[in-house]
Amino acid sequence: MTRTWKNELVGKIPPDLKEEIDVFERQIARRKEGKLDEAVFGETRLRRGVYGQRYDNGQRFDGVQTRQIAFPSGDISKGASTLWDAPGMLRIKIPYGGLNPEQLECLAALSEEYSDAISHVTTRQDVQLHFIQLDDAPTLMRRLAAVGITTREACGNSIRNITACPFAGTCKTEPFDVTAYADALTAYLLGHDDCQDFGRKFKISFSGCAAEACGLATIHDMGFIAATREVQNAAGTTETEHGFELYVGGGLGAVPHTAKLFDAFIPREEVLPISLAICRVFGRLGEKRNRAKARLKFVVKKLGIEAFRETVRTERANLRHDPRWTSFLADLDSFTESPKAPRLISPASLKRSATNLPEGYKAFADSNVRAQKQDGFNLVTVSLPLGDATADQLRALADIARRYTPGTLRATVEQNIALRWVRDEDLLPLYRDLRAAQLAAATAGTIVDVTACPGTDTCKLGIASSRGLAGELSERLAIKNLSLDEAVRNLRIKVSGCFNSCGQHHIADIGFWGVSRKVSGYTVPHFQVVLGGQWTHNGQSYGLAMGAIPSRNIPATVDRITDLFVSERQRGESFQHFVQRIGKKHVRTALEDLFAVPSHDEDPNYYSDWGDPREYSIGDLGIGECAGEVISFAQFGLAASERKIFEAQEFLETGDSTGAATRALDAMMVAAKALTKDRAPNLSDDADEIVAAFRHHLYDTELFFDPYAKGKFANYLFQAHSAGAAITDVDAARQRIEEAQLFIEAAHGCHGRMS
Amino acid sequence: MQITKATARIYTTNSSLTPSDLRTLFHEWIQQDALDELLLDVADYTHVPRGPGVLLVAHECYVGFDDADGRFGLSWSGRQDALAPAAESWRHAVSRLLVAARTAERRFDNELAFDGAQLVLGCNDRLHAPHGEASYSALQGALEAVASEVYPGADCKIEPVGEFRQCFRARLSTTGSLGLADLPV
Ligand code: SF4
């Protein structure tokens, strides 16, 4: 009999997971036989964590022409426009980032056998394997299940991985360890009947404290921040009650929304039922048809936070009691990690080792090691370049975790791995072991440790190469890392391949997101520069876009910005304050020359992306037949609209929300007119006329439609036009600017497609 | 004995190629349909020390230049889960590897040369052939069969390489200096 992993693992997989994987395997077979609807199978696949990858629609631009990929299984699909044989990605949920050595070894083995020998840590503490064949997925799932991991609901319209501070339980600033709560909520909501009817994904996070960034609570649909309060117990004495500050409706994405405070204190017994009540409200009131409006933030916005609270409380009151709401509280202690007993080491020997430090150790200790709240123990962050680790490195980390820790590791939202409970006296040998595994880069939490989403490497929606850029920046910055000014060294750079913000560019000191521009008939990769986002305080405030700079000029942009910071910074000033103080106009002036794109003859490098020698394209590249440089009306108009957006940002900086909103609307009008004029030559400057003409010529015909976002960005224009200038609120003005920015990007995209 | 996902690897004797050269090479191969495999994409992991380097992703395999085992070389690694006799799988892997190596050598002329006196064969298949003594004994016949075809009439040393937690790997080596042109396969 042929051996299979299914047979080998009999009795080693929890029965519920086994059943689920068996069902998925049957669904794969049924889909192959044509007995399961494509759309149903597509969503099922996603909810099992099996995601699409770039080129899975069977075509690819090879640098010269777009070619069809003749997969052996032909046209059979695993979802809309997703061919069966095309390699995909498996997203593996790691709740709160918690991993043990056996799980690391399993990931290592799977990456070698089914992927490209790389495990990729994401910004939401998942692990992703790329280039997976769908037929292999059930086997991967079984092997993961055998070490206690599920991929269920890692993708699709479901509750995604529940994240938490990687330092929970050890961090000095937390009032208590949030791990048990993240774990209990994960188990409670996984596959819950009330969470199967969402219009979009739903993200939850736990943070140990408000001031640090680790949990990023305020960029989630639901974000919990640990809190305590003093209460009188029945005996009349005061005791400390554990609970959470709860935020709702946060999210980055195309238009970032800061979460709203739902309740300043949710008692711990209420964490599960309140969460379920919110999920039920989202399931009932959340948008289902229009994906662009289907996140919780839109429900909160539509109802207003007060009415949302009331709706949730009514829902909560109607829930039937479930013993799981509190049963996990009896097990809180099981999450307390007990370190191996501290080893006694003589002061003389400690002193000896302190004077005999290996090369690089000091820098490593400065950036990658922080003391735990427990005396004598440390958290050590292992930097993974771009979140990537080889199978050998994962096995080395498993060995290291067994040797120096109680066997607990955490994936971090900065795409690294944190080792916990490392004794003071073990730091040196640990460092030597990490060095041997090429894992001792002294870059954790520094400007060198650039975060990036997959971008055009593997993501279907990627516009520019976020990983290519991040790799280039890291390499350049690493060379001068130790000589960088301290203030610059601690800045965060984050890169997304498109407006969807998976790289979390909005909350970086220096953020970038990929866009494209048409220049003399060529499409040129660019990045929007976003400055002054806030990483601390759970990612509470977002940076604003400065304009799009050609991808090739981004390293120079980083140099320019950091030099400016060093030379003009006031004593002790943060980057956010610095950007606010000197103003975006000043920064923009300093970058002015970097916006220019040399002609193709002068420097063809500008016309390809980082790490990709192909002539850059976002689809079919068309070269105009002009002998010289001809700038169209539309191009001028689009440039003017960008100027207006910049002015809107300046209004916002001075606190003039109405002025900012008006200017942002103007910017959209200018862009809309620029695009439409070709088809309506007599178009005036009257806003009603522009909107009507734009709707008629470009929206109703779907010419303006983005291939993925469809008409979403046009709706920003329509909504802003109806709302007019009646905006006095800073958040609303900021949102209008963000939306206008996206509308203008879409206008560039449309212009590119039409020209 | 049957295995899936056979691998074959050959080392370079000299290479001054940069990651950029290798990316360009693989993109060219896709444009030109330079190999018989269905070529899909290029992945670059040169930012990861001792990682998979620069990979050409095909439907059937990965073809990659890397220094994952400490020495720079070119690998052909099967991607599809197709169980077949080990000798047959390795014959195929070696022949496809050598086609890729010869194509690369031609493209870079004097900048790239391979060491034909050593090959590393293996499989990314812990189910049928986990790395270790038992698999090595069971697969020795298949390794010898392939060795006799690659190095006919020559003494060939065969030995397991790498640690046993890695995937199965065995080195075939013969004495003397051999280039690709000297290999009859
Ligand atoms: S930000 Fe865009 S390119 Fe990056 S992973 Fe998300 S959708 Fe893909």
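Scope of this entry: the structure provided in the associated data block. (Residues numbered from 1 in each chain as written. Chains lettered and ligands numbered in written order. Predicted model: local features only at pLDDT ≥ 70, side-chain atom pairs only at ≥ 80, totals over all residues. Heavy atoms only, no water.)

## Quick word on the overall build of chain A
Here's step 1: Secondary structure summary: chain A contains 24 helices and 24 strands in total.
Here's step 2: The dimensions of chain A, computed from C-alpha atoms along their principal axes, are 80 × 65 × 60 Å.
Here's step 3: For chain A, buried positions account for 60% of its 755 residues.
Here's step 4: Residue pairs at least 24 apart in sequence account for 70% of intrachain contacts in chain A once pairs closer than 6 positions are excluded.
Here's step 5: Carbon and sulfur atoms provide 51% of the accessible area of chain A, an area that totals close to 29,400 Å².
Here's step 6: Averaged over its 90 positive side-chain charges, chain A has a centre that lies 2 Å from the centre of its 98 negative ones. (Helix = DSSP H or I, 4+ residues; strand = E, 2+ residues; numbered from the N terminus. Buried < 20%, exposed > 50% of the residue type's maximum accessible area, 1.4 Å probe, protein only. Contact = heavy atoms within 4.5 Å. Areas by Shrake-Rupley, 256 points an atom, 1.4 Å probe, with all protein chains shown as cover. Lys, Arg positive; Asp, Glu negative; His and termini not counted. Charge placed at Lys NZ, Arg CZ, Asp CG, Glu CD.)

## Details of the sheet that holds strand β2 (residues 6-15) of chain B
All names here are of chain B.
Here's step 1: Taken in spatial order, the 8 strands line up as β3-β4-β5-β6-β2-β8-β10-β9 in an open sheet, and their pairing is antiparallel. The sheet is open, and its two borders are formed by β3 (39-45) and β9 (157-160), each paired with just one other strand. Sheet twist, expressed as the average angle between the axes of neighbouring strands with direction ignored, equals 20°.
Here's step 2: Here 8 bridges tie β2 to strand β8 (residues 112-123), and the two strands are oriented antiparallel to one another. Of the residues in β8, the one forming a bridge with Ala 6 is Cys 123.
Here's step 3: Sheet contacts for helix α3 (residues 133-150): β8, β9 and β10 (168-173); angle to β10, the most-contacted strand, approximately 35°. (Pairing = 2+ DSSP bridges. Axes fitted to C-alpha atoms, helices over the stretch in contact; angles between N-to-C directions.)

## Concerning the nonpolar core
Note on soluble globular proteins: their nonpolar side chains tend to be buried together.
All names here are of chain A.
Here's step 1: In this structure, Ile 92, Val 380, Leu 397, Ile 417, Leu 419 and Leu 434 are the most contacted members of the largest nonpolar core, which totals 63 residues.
Here's step 2: Considering each element in turn, this core owes the most residues, 8 residues, to helix α13 (residues 391-404).
Here's step 3: Counting residues domain by domain, this core receives three or more from each of domain 1 (5-98 + 107-145) and domain 3 (357-436).
Here's step 4: Sequence-distant contacts of Leu 397, that is, excluding residues within four places in its chain, are made with Leu 104, Val 382, Leu 409, Ile 417, Leu 419, Leu 434 and Leu 439. (Core = buried A, V, L, I, M, F, W, Y, C linked by side-chain atoms within 4.5 Å. Domains from an automatic or database assignment.)

## What to know about the site of the ligand
Here's step 1: Neighbouring the ligand are the residues A:Cys453, A:Pro454, A:Gly455, A:Cys459, A:Leu461, A:Gly462, A:Ser496, A:Gly497, A:Cys498, A:Asn500, A:Ser501 and A:Cys502.
Here's step 2: Among the residues making up the shell around the ligand, the classes are represented as 6 nonpolar, 6 polar and no charged. (Near = heavy atom within 4 Å. Nonpolar A, V, L, I, M, F, W, Y, C, P; charged D, E, K, R; others polar.)

## Some words on the interface of chain B and chain A
Here's step 1: The interface is formed by 34 residues belonging to chain B together with 45 residues belonging to chain A.
Here's step 2: Between chain B and chain A, a total of about 3,400 Å² is buried, with carbon and sulfur atoms accounting for 53% of that surface.
Here's step 3: On the chain B side of the interface with chain A, the three residues burying the most area are B:Arg126, B:Leu127 and B:Arg165, jointly 19% of the side's total.
Here's step 4: Put simply, B:Arg126 and A:Glu113 hold a salt bridge, and the shortest N to O gap is 2.7 Å.
Here's step 5: Connecting chain B to chain A are 23 residue pairs in polar contact (both at pLDDT 80 or more).
Here's step 6: Elements with a minimum of two residues in the side of chain B that touches chain A: α1 (19-32), β3 and β4 (53-58) of chain B.
Here's step 7: Looking at the side of chain B that touches chain A, the element that brings in the most residues is α1(B), giving 5 residues.
Here's step 8: Residue classes in the side of chain B that touches chain A are distributed as 14 nonpolar, 10 polar and 10 charged. (Buried area = accessible area lost by both parts, 1.4 Å probe. Salt bridge = Lys/Arg side-chain N within 4 Å of Asp/Glu carboxyl O. Polar contact = N/O pair within 3.5 Å; in protein donor to acceptor, adjacent residues only side chain to side chain.)

## Looking at unusual backbone geometry
Residue and element names in this part refer to chain A.
Here's step 1: A positive phi angle is found at Ser 81, which is not glycine, with a value near 50°.
Here's step 2: Considering the arrangement of structural elements, one finds Ser 81 in the loop between β4 (77-79) and β5 (82-83).
Here's step 3: Looking at Ser 81, the relative accessible area reads 57%, which means it is exposed.
Here's step 4: One non-glycine residue, Gln 125, lies in the positive phi region at around 60°.
Here's step 5: Positionally, Gln 125 belongs in the loop between β8 (118-121) and β9 (127-132).
Here's step 6: The exposure class assigned to Gln 125 is buried, which follows from its relative accessible area of 0%.

## Looking at the sheet that holds strand β14 (residues 260-267) of chain A
Residues and elements named next belong to chain A.
Here's step 1: Judged by pairing direction, the sheet is mixed, and its 5 strands sit side by side in the order β10-β11-β12-β13-β14 without closing on themselves. The open sheet terminates on both sides in strands that have one partner only, identified here as β10 (163-164) and β14.
Here's step 2: Two strands pair when backbone bridges link them, and strand β13 (residues 238-248) and β14 are joined in this way by 5 bridges, in the antiparallel orientation. Directly across from Val 248, in β14, lies its bridge partner Lys 260.
Here's step 3: Contacting β10, β11 (204-207), β12 (222-232) and β13, helix α6 (residues 179-189) crosses the sheet at an angle of about 165° to β11.

## Concerning the packing of helix α2 (residues 15-32) of chain A against helix α5 (residues 137-145) of chain A
Between two packed helices, the angle of one axis relative to the other and the distance separating the axes together describe the packing.
Residue and element names in this part refer to chain A.
Here's step 1: Packing of α2 against α5 leaves a shortest axis separation of 10 Å and a crossing angle of 175°. Between α2 and α5, the angle falls in the class roughly antiparallel. Between α2 and α5, the contacting residues are Leu 17, Ile 21, Asp 22, Phe 24, Glu 25 and Ile 28 on the first element and Ala 137, Pro 138, Met 141, Arg 142 and Ala 145 on the second.
Here's step 2: Residue composition of the contact of α2 with α5, by class: 8 nonpolar, no polar and 3 charged. (Parallel < 35°, antiparallel > 145°, perpendicular 65-115°, else oblique.)

## As for α5(A)
Residue and element names in this part refer to chain A.
Here's step 1: Within α5, 9 of the 9 residues are buried, which leaves the element mostly enclosed by the surrounding structure.
Here's step 2: For α5, the set of buried residues is Ala 137, Pro 138, Thr 139, Leu 140, Met 141, Arg 142, Arg 143, Leu 144 and Ala 145.
Here's step 3: Those residues of α5 that are buried lie in contact with α1 (5-8), α2, β1 (50-51), β6 (88-92), α4 (101-114) and β9.

## Some thoughts on the side chain of A:His748
All names here are of chain A.
Here's step 1: Within the element layout of this structure, His 748 appears in helix α24 (residues 730-754).
Here's step 2: Residue classification places His 748 among the buried residues on the basis of a relative accessible area of 13%.
Here's step 3: Sequence-distant contacts of His 748, defined by excluding residues within four places in its chain, comprise Ser 516, Arg 517, Leu 638 and Glu 642.

## Looking at the environment of B:Arg50
Here's step 1: When you line up the elements, B:Arg50 lands in the loop between β3 and β4.
Here's step 2: As a C-alpha pair, B:Arg50 and B:Asp66 span 16 residues in sequence and 7.4 Å in three-dimensional space.
Here's step 3: Excluding its chain neighbours within four sequence positions, the residues that come into contact with B:Arg50 are A:Thr390, A:Gln438, B:Asp67, B:Ala68 and B:Gly70.

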